[in-house]
Amino acid sequence: MQKYVCDLCGYVYDPANGDDNGGIKAGTAFEQLPSDWVCPLCGASKDNFSAVK
């Protein structure tokens, strides 16, 4: 699955790990994250993330 990086702080969302603190289970694709999910480090919204190349 595709990883995504926060353009503001550099946090990488890895679907293999999910986001335990945000209640996101491992195996959840970025596209499946709730629309109100935010970066766990800086609070940026999903539209501030870019696909890792």
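Residues numbered from 1 in each chain as written. Predicted model: local features only at pLDDT ≥ 70, side-chain atom pairs only at ≥ 80, totals over all residues. Heavy atoms only, no water.

Right, let's talk about the overall build of the chain for a bit. Looking only at helices and strands, one finds zero helices and three strands in the chain. The secondary structure elements of the chain, listed N-terminal to C-terminal, are β-β-β. Its C-alpha atoms give the chain a radius of gyration of 10 Å, near enough to 10 Å, the size a compact globule of 53 residues would have. When the backbone C-alpha atoms are referred to their principal axes, the chain occupies close to 25 × 25 × 15 Å. Within the chain, the fraction of its 53 residues that count as buried is 34%. Considering only intrachain contacts with a sequence separation of at least 6, the fraction spanning at least 24 residues in the chain is 46%. As displayed, the chain has an accessible area near 3400 Å², and 48% of this comes from carbon and sulfur atoms. Averaging the coordinates of the 4 positive side-chain charges in the chain and doing the same for the 7 negative ones gives two points 6 Å apart. (Helix = DSSP H or I, 4+ residues; strand = E, 2+ residues; numbered from the N terminus. Rg over C-alpha atoms; globule rule 2.2 N^0.38 Å. Buried < 20%, exposed > 50% of the residue type's maximum accessible area, 1.4 Å probe, protein only. Contact = heavy atoms within 4.5 Å. Areas by Shrake-Rupley, 256 points an atom, 1.4 Å probe, with all protein chains shown as cover. Lys, Arg positive; Asp, Glu negative; His and termini not counted. Charge placed at Lys NZ, Arg CZ, Asp CG, Glu CD.)

A few words on the UniProt feature "binding site: Fe cation" (unreviewed entry) in the chain. As recorded in UniProt, the sites labelled "binding site: Fe cation" (unreviewed entry) are Cys-6, Cys-9, Cys-39 and Cys-42. Separation in sequence by 37 residues is not matched in space for these annotated residues, since their most distant C-alpha atoms are only 8.9 Å apart. Residue position: Cys-9 is located in the loop between strand S1 (4-6) and strand S2 (12-13). Note on Cys-9: relative accessible area 36%, which makes it partly exposed. In contact with Cys-9, not counting residues within four places along its chain, are Cys-39, Leu-41 and Cys-42. Position of Cys-42 relative to the elements: it lies in the loop between S2 and strand S3 (49-51). In this structure Cys-42 comes out as partly exposed when scored by relative accessible area, which is 37%. Apart from the residues lying within four places of it in its own chain, the contact partners of Cys-42 are Cys-6, Leu-8 and Cys-9. (UniProt positions renumbered as here; feature names shortened; annotations may be inferred.)

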